Amino acid sequence: MAAQTPATDNFPSCVAGLRQASLAAGVAGETFDAIAPSLTPNDVLHFQTEQPEFHTAVWDYMAGLVDDERVSDGKAKYREWATALKSIQSRFGVDASILVAVWGVESDYGKTFGLRPIVQSLATLSCYGRRPDYFKSEFVAALKILQAGDAAPDRFNGSWAGAFGHTQFMPSTFLRNAVDIDGNGHPNIVDSVPDALGTTANYLRKSGWVPGVVWGYEVKLPPGYSGPSGRKNRHPPAFWSAKGIVKADGGPLTGADVGLLLPAGPQGPAFLVTRNFDAIYAYNAAEVYALAIASLSDRIEGAGSFVTPWPVDDPGLSRIDRREVQTRLQAKGYAIGNTDGVMGVKTLEAIADYEGRVGLPANGRASQKLLQALRDGR
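In this text the structure is predicted, and so the values were computed from the model without any measurement. (Residues numbered from 1 in each chain as written. Predicted model: local features only at pLDDT ≥ 70, side-chain atom pairs only at ≥ 80, totals over all residues. Heavy atoms only, no water.)

As for the packing of helix H6 (residues 96-107) against helix H10 (residues 193-206)
To keep things clear, this is the line we draw: Orientation is described by axes fitted as lines to C-alpha atoms, over the contacting stretch for helices, and by angles from 0 to 180 degrees between their N-to-C directions. Labels follow the DSSP assignment, with helices taken as runs of H or I lasting at least four residues and strands as runs of E lasting at least two, numbered in each case from the N terminus. Roughly parallel means an angle under 35 degrees; roughly antiparallel means over 145; roughly perpendicular covers 65 to 115; every other angle is labelled oblique. In a left-handed crossing the near helix is turned counterclockwise from the far helix by less than a right angle, and in a right-handed crossing that turn is clockwise. Every residue pair with non-hydrogen atoms within 4.5 Å of one another is taken to be in contact.
Interhelical geometry of H6 versus H10 gives an angle of 110° and a closest axis separation of 10 Å. Between H6 and H10, the interaxial angle falls into the category roughly perpendicular. Where H6 crosses over H10, the two elements pack in a sense that is right-handed. Counting all contacts with H6, which are made through Ile98, Leu99, Val102 and Trp103, the residues of H10 involved are Val193, Leu197, Thr200, Ala201 and Leu204.

Quick notes on helix H13 (residues 287-300)
Heads up, the rule is: Working rule for helices: expected span equals 1.5 Å times residues minus one. Burial status follows relative accessibility: with a 1.4 Å probe on protein chains alone, a residue under 20% of its type maximum counts as buried, one over 50% as exposed, and anything between as partly exposed.
Its 14 residues place the ends of H13 20 Å apart at the C-alpha level, agreeing with the 20 Å of an ideal helix rising 1.5 Å per residue. Most of H13 is tucked away: 12 of the 14 residues are buried. Buried residues along H13 sit against helix H3 (58-65), helix H4 (68-80), H6, strand S7 (270-273) and helix H12 (275-281).

Details of the side chain of Asp321
Along the polypeptide, Asp321 turns up in helix H14 (residues 319-331). For Asp321, a relative accessible area of 17% translates into the label buried. If we skip the residues at most four places from it in the chain, Asp321 touches Gln368, Leu371 and Arg375.

Side note on the pattern of salt bridges
Where we set the bar: Between Lys or Arg on one side and Asp or Glu on the other, a salt bridge is scored when a side-chain nitrogen of the former is within 4 Å of a carboxyl oxygen of the latter.
Counting across every chain of the model gives 21 salt bridges. A salt bridge links Glu80 to Lys77, with the nearest nitrogen and oxygen atoms 3.4 Å apart. Linking Glu80 with Lys77, this pair stays in helix H4, spanning three residues, or about one helical turn. Overall, the relative accessible area of 51% leaves Glu80 in the exposed class. Residue class for Lys77 comes out partly exposed when judged on its relative accessible area of 22%. When salt bridges that share partners are traced, they join Asp67, Glu69, Arg70, Asp108, Arg319 and Arg323 into one network.

What to know about the sheet that holds strand S6 (residues 258-261)
Definition in use: Strands were regarded as paired on the criterion that DSSP finds at least two bridges between them.
Read across the sheet, five strands follow the order S4-S6-S7-S3-S5 without closing on themselves; strand pairing throughout is antiparallel. Of all the strands in the sheet, just strand S4 (230-235) and strand S5 (246-247) have a single pairing partner and so form its edges. In this sheet, S5 lies alongside strand S3 (residues 216-220) in antiparallel orientation, the contact comprising two bridges. When the bridges of S5 are listed, Val219 appears paired with Lys247.

Everything listed here is a matter of coordinates, which is why it stays silent on function.
Structure below.
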């Protein structure tokens, strides 16, 4: 379905209300008036139900986010920013690899900030979105960021929902957590990697991160396990040991109280997670998102993939493989746009159509079987 821009009949009156709310919150009139000409509705309403954390199978989600490409790039960024990361970890106590992993998942290390002007998107969502009061407050926060000089107007772009910068903060969250690591007088998470990583560390520490504690670790369940689970259902390691659970690498279960996370049920990978996993979860309230951050951080530090495979006979595709799918579909005449590995609407529609033509389930899923069919020239 094509993205739709809402009707504009009542938009001017809504903008007038946004101006009134902004001034009441301390935004100067000239600040608002400077951005007013850009306030026209855009296409963001289409994306309100498109969050992949809640609509994508865990093995597909993980395959796209924690692939060899992102791991390799993360290791390079870790080395490049080692001095800043060491200082930030010392100040906030958050592991440097976790910060790099957040950076990698949120913006692919600064490659994909999002292209939509923040104030335009937030104005549209304030006037027509499902949570107008929330987005109105974010709109006001965005103007405060511009007024303080913490983002350049022509660089203040981001996601459809208004998140921006290397580590994709919503404006109000930025205002509560922003830190100026590079010392230039402005916490700028768009143009300063240290500021972005430091602001992320500050957020995670405030969210409950405990220095020196791991996020968790993979474990193996005994055959037929049907006991308790849930990341908040925490017990001492001895409790889980008594139920036949062992560490995946063969070592003893460690740590304080931990919860058992089963993202694909007892047949898939299993993890004992600490409260630091909850701190990651606070960044984006989806367990699969937190697991992607946690796994990527381990991989950046040199760990391998999960010991237990996902319980599926057709695993997900890495971004390299997804780009190959797009390239091969394009060669077959499908108009899918950019071959960037992002499974957008055009790509998913093309996949579903092709699957139906070659006898695969027409579900629009980018899978190994799909890629093989394309390679086979079917």
